[in-house]
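Understanding the architecture of this molecule
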Amino acid sequence: MESYQTEFLNVALESNALKFGSFTLKSGRQSPYFFNLGFFSTGKLLSTLASSYAKAIIKSGIKFDILFGPAYKGIPLVAITAAKLAELDPENFGDIGYAFNRKEKKDHGEGGSIVGAELKGKKILIIDDVITAGTAINEAFQIIKGESGIVAGCIIALDRQETTADSNLSATQGVSQKYDVPVIAIVTLTDIIDILKDRIAPEDLKSMEAYRVNYSPKDL
């Protein structure tokens, strides 16, 4: 286990970004945990978040030219992570560009829907918080394709490692298979259980393990 993963989960727990209990998801499933990246809401917390993303990216070895954050959640993520990459490894990431999209295309000034580095002909790494149904990530792929960019992969904060309603694959596996790119995460559901098992109430831990058995792909 990497130290940045442990630090990320400790901070997620302390900030209430990660909670245990009973939560109804958009899918209708009853989840024993809930994760909300929005609770990383101070400068100190954002610094830890940026370091976690950056270290996971560096560890992955994925080669890319531009980090892309889909609006809206991806906008602060892409900015803080690009800055942290340059800080941690200026030789390899000092010149990495970053970009994000506008929800509505601008028809004045420089125009267009992309803010930041030009995507055309570049290898792009998409950054986001989680992948559930994959809708936001699919939109990001279409945006990048429309700008003649090439997606090199995706990084998310948490891989819930659970199947979607219409597939035996997890949402991350589905995206990876559909677009033939790696999808990496700072942490996974398995990491949550392994790292925090001594800090989770016994009944919550039991619910987490049962949830993983019920909804994780069979090959995990």
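Our structure's up above, just so we're on the same page.
Since the structure is predicted, the reported quantities are computational estimates derived from the model, not experimental observations. Once a new chain begins, its residue numbering starts again from 1 and follows that chain's sequence as written. Note on the predicted model: pLDDT of at least 70 is required for a residue's local features to be given, and 80 or more for side-chain atom pairs to be given and counted; whole-chain, interface and lining totals, by contrast, use all residues. Note that the side-chain values use all heavy atoms of the structure and ignore hydrogens as well as water.

**Some remarks on the side chain of Ser52**
Looking at the secondary structure, you find Ser52 in helix α2 (residues 43–60). The term polar contact refers here to a pair of N or O atoms within 3.5 Å; inside protein, the definition further demands a hydrogen-donor-capable atom paired with an acceptor-capable atom, and it admits residues adjacent in sequence only when both atoms are side-chain atoms. Looking at Ser52, its side chain comes within polar contact range of the main-chain oxygen of Thr48, at 2.9 Å. Here a residue-residue contact requires only that any non-hydrogen atoms of the pair lie within 4.5 Å. Apart from the residues within four sequence positions on either side, Ser52 is in contact with Tyr4, Phe8 and Ile186. In DSSP terms, a helix is any run of H or I states spanning at least four residues, a strand is any run of E spanning at least two, and both are numbered starting from the N terminus.

**Observations concerning the packing of aromatic side chains**
Think of it this way: a Phe, Tyr or Trp ring, Trp meaning its six-membered ring, pairs with another when their centres are within 6.5 Å, and the plane angle makes it stacked under 30 degrees, edge-to-face over 60, tilted otherwise. Tallied over the entire structure, the rule returns seven aromatic pairs. Ring plane angle 40° and centroid distance 6.0 Å describe the contact between Phe64 and Phe93, whose orientation is recorded as tilted. One end of the pair, Phe64, is in the loop between α2 and β3 (66–69); the other, Phe93, is in helix α4 (residues 90–93), and 29 residues separate them in sequence. We note that Phe64, like Phe93, is buried. Members of the aromatic cluster, each reached through a chain of ring pairs, are Phe8, Phe35 and Phe40. A simple rule labels every residue: compare its accessible area, found with a 1.4 Å probe on the protein chains alone, to the largest value its type can have, and call it buried under 20%, exposed over 50%, or partly exposed in between.

**Some thoughts on the pattern of salt bridges**
Counted as salt bridges are all cases of a side-chain nitrogen of Lys or Arg within 4 Å of a carboxyl oxygen of Asp or Glu. On inspection of all chains with the given rule, the structure shows four salt bridges. Two residues, Glu162 and Arg29, come together in a salt bridge whose shortest N-O distance is 2.7 Å. Of the two residues, Glu162 is situated in the loop between β7 (150–159) and α6 (171–179) and Arg29 in the loop between β1 (18–24) and β2 (30–35); the sequence distance between them amounts to 133 residues. Note on accessibility: Glu162 and Arg29 belong to one class, buried. Taking the shortest distance from any N to any O, the salt bridge between Asp129 and Lys73 comes out at 3.1 Å. Note that Asp129 is positioned in the loop between β6 (123–127) and α5 (135–146) and Lys73 in the loop between β3 and α3 (74–88), a separation of 56 residues in sequence. Looking at Asp129, the relative accessible area reads 8%, which means it is buried. Within the structure, one salt-bridge network assembled from shared partners comprises Arg29, Arg160 and Glu162.

**Considering the packing of helix α1 (residues 3–14) against α2**
Under this scheme, a helix contributes an axis fitted over its contacting stretch, all axes are lines through C-alpha atoms, and angles between N-to-C directions fall in the 0 to 180 degree range. Relative orientation of the contacting elements α1 and α2 amounts to 150°, with a least axis distance of 10 Å. Classified by the interaxial angle, the pair formed by α1 and α2 is roughly antiparallel. The handedness of the crossing between α1 and α2 comes out as left-handed. The residues of α2 that touch α1, namely those facing Tyr4, Glu7, Phe8 and Val11, are Leu45, Thr48, Leu49, Ser52, Lys55, Ala56 and Lys59. Within the contact of α1 with α2, the residues separate by chemical class into six nonpolar, two polar and three charged. An angle below 35 degrees is treated as roughly parallel, one above 145 as roughly antiparallel, one from 65 to 115 as roughly perpendicular, and anything else as oblique. Two helices cross in a left-handed way if the nearer one is turned anticlockwise from the farther one by less than a right angle. They cross in a right-handed way if the turn is clockwise. Under this grouping Gly is polar, as are all residues other than the nonpolar Ala, Val, Leu, Ile, Met, Phe, Trp, Tyr, Cys and Pro and the charged Asp, Glu, Lys and Arg.

**Concerning α3**
Given a helix with a known number of residues, its expected span is that number minus one, times 1.5 Å. Taking 1.5 Å of rise per residue, the 15 residues of α3 would be expected to cover 21 Å, and the 21 Å separating its terminal C-alpha atoms lies within 8% of that figure. The complete set of buried residues in α3 reads Gly74, Leu77, Val78, Thr81, Ala82, Lys84 and Leu85.

**What about the nonpolar core?**
One broad trend across soluble globular proteins is that nonpolar side chains are buried collectively. If you look at the biggest cluster of nonpolar residues, it comprises 46 residues, and the most contacted ones within it are Phe8, Leu18, Phe40, Tyr53, Phe64 and Leu67. The contacts of Phe40, once residues within four sequence positions are left out, are Phe8, Val11, Ala12, Ala17, Leu45, Leu46 and Leu49. Counting residues in hydrophobic clusters, the runner-up holds 20 residues, among them Phe68, Phe141, Ile156 and Ala171. Only buried residues count toward a nonpolar core. Its members are Ala, Val, Leu, Ile, Met, Phe, Trp, Tyr and Cys residues joined through side-chain atoms within 4.5 Å.

**A few points about the environment of Tyr53**
For Tyr53, the location among the structural elements is in helix α2. A relative accessible area of 0% means that Tyr53 is categorised as buried. Contact partners of Tyr53, with chain neighbours within four places excluded, come to Leu37, Leu77, Thr81, Ile127, Asp128, Asp129, Ile155, Ile156, Ala157 and Ile186. Engagement of the side chain of Tyr53 in a polar contact is seen with the backbone nitrogen of Ala157, the distance being 3.4 Å.

**Section: the packing of α2 against α3**
Packing of α2 against α3 brings their axes to within 8 Å, and their N-to-C directions diverge by 65°. Classified by the angle their axes make, α2 and α3 are roughly perpendicular. Crossing hand, α2 versus α3: right-handed. Contact with α2, carried on its side by Leu46, Ser47, Leu49, Ala50, Ser51, Tyr53, Ala54, Lys55, Ile57 and Ile58, involves Leu77, Ile80, Thr81, Lys84, Leu85 and Leu88 of α3 and no other residues of that element. The class makeup of the residues in the contact of α2 with α3 is eleven nonpolar, three polar and two charged.

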